[in-house]
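# Architecture at a glance
Take a look at the letters that make up each chain.
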Amino acid sequence: MVVGLCTVELFIAESQSLKDKRQVLHGLKERLRSKFNLSVAEVDGQDLWQKAVVAMVCVANEARFVSRVLEQALNLIKSLPAVEIVRTQQEML
């Protein structure tokens, strides 16, 4: 069993409040869950309205599959105009 963890630091430029940020993150998390069957959570920056750190986790039998799914998830995030990726970190456990 392989567990892949990807942590993504996001900048949400259009966000003017925590409510705006929650709305953007809720949509992002739902898309990632439904399209890639990932576990997704905001893990840092909860009290900041333009910054968020999101963790995505994928579990599978093959590291190659996990890596591919996480890369596709990152590409989806990159394609969204509402968020900008500041930093990413991937780990295979």
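Everything discussed here concerns the structure shown above.
Before going into details, it helps to say that this report is about the structure given with it. Computed from a prediction, not measured in an experiment: that's the story for all the values here. (Residues numbered from 1 in each chain as written. Predicted model: local features only at pLDDT ≥ 70, side-chain atom pairs only at ≥ 80, totals over all residues. Heavy atoms only, no water.)

## Considerations on helix H2 (residues 63-78)
Using the following cut-off: Only DSSP runs of H or I covering at least 4 residues are called helices, and only runs of E covering at least 2 are called strands; the numbering of each starts at the N terminus. One less than the number of residues in a helix, times 1.5 Å, gives the span that helix is expected to have. Think of it in three bands: with a 1.4 Å probe and only protein chains considered, a residue is buried below 20% of the maximum accessible area for its type, exposed above 50%, and partly exposed in between. The directions from the helix axis to the C-beta atoms form the arc being described. Contact definition: two residues touch when any of their heavy atoms are within 4.5 Å.
With 16 residues, H2 extends 22 Å between its outermost C-alpha atoms, agreeing within 8% with the 22 Å of an ideal straight helix rising 1.5 Å per residue. Of all the residues in H2, the buried ones are Val66, Val69, Leu70, Ala73, Leu74, Leu76 and Ile77. Take H2 and look down its axis: the buried residues cluster within an arc of 155 degrees, on one side only. Seen from the open side of H2, the exposed residues pointing more than 90 degrees away from its buried face are Arg64 and Lys78. In this fold, the buried residues of H2 make contact with strand S1 (2-11), helix H1 (18-36), strand S3 (51-60) and strand S4 (84-92).

## Let's talk about the side chain of Glu9
To keep things clear, this is the line we draw: Pairs of N or O atoms are called polar contacts if they sit within 3.5 Å, as long as, within protein, a hydrogen donor faces a hydrogen acceptor (for residues adjacent in sequence, only side-chain-to-side-chain pairs).
Mapped onto the elements, Glu9 comes out in strand S1. Within the structure, Glu9 has its side chain in polar contact with the side chain of Arg87 (distance 2.5 Å). When residues no more than four places from it in sequence are discounted, the contact partners of Glu9 are Lys51, Ala52, Val53, Glu84, Ile85, Val86 and Arg87.

## What to know about the nonpolar core
Across soluble globular proteins, nonpolar side chains show a tendency to be buried alongside one another. Convention followed: Side-chain atoms within 4.5 Å link the members of a nonpolar core, which is a set of buried Ala, Val, Leu, Ile, Met, Phe, Trp, Tyr and Cys residues.
In terms of nonpolar packing, the biggest core is built from 25 residues, with Leu10, Leu28, Leu32, Leu38, Met56 and Ile77 touching the most fellow members. Taken together, the elements giving at least two residues each to this core come down to S1, H1, S3 and H2. Broken down by element, the residue count for this core peaks at seven residues, all from H2. Apart from the residues within four sequence positions on either side, Leu28 is in contact with Leu10, Leu76, Ile77 and Leu80.

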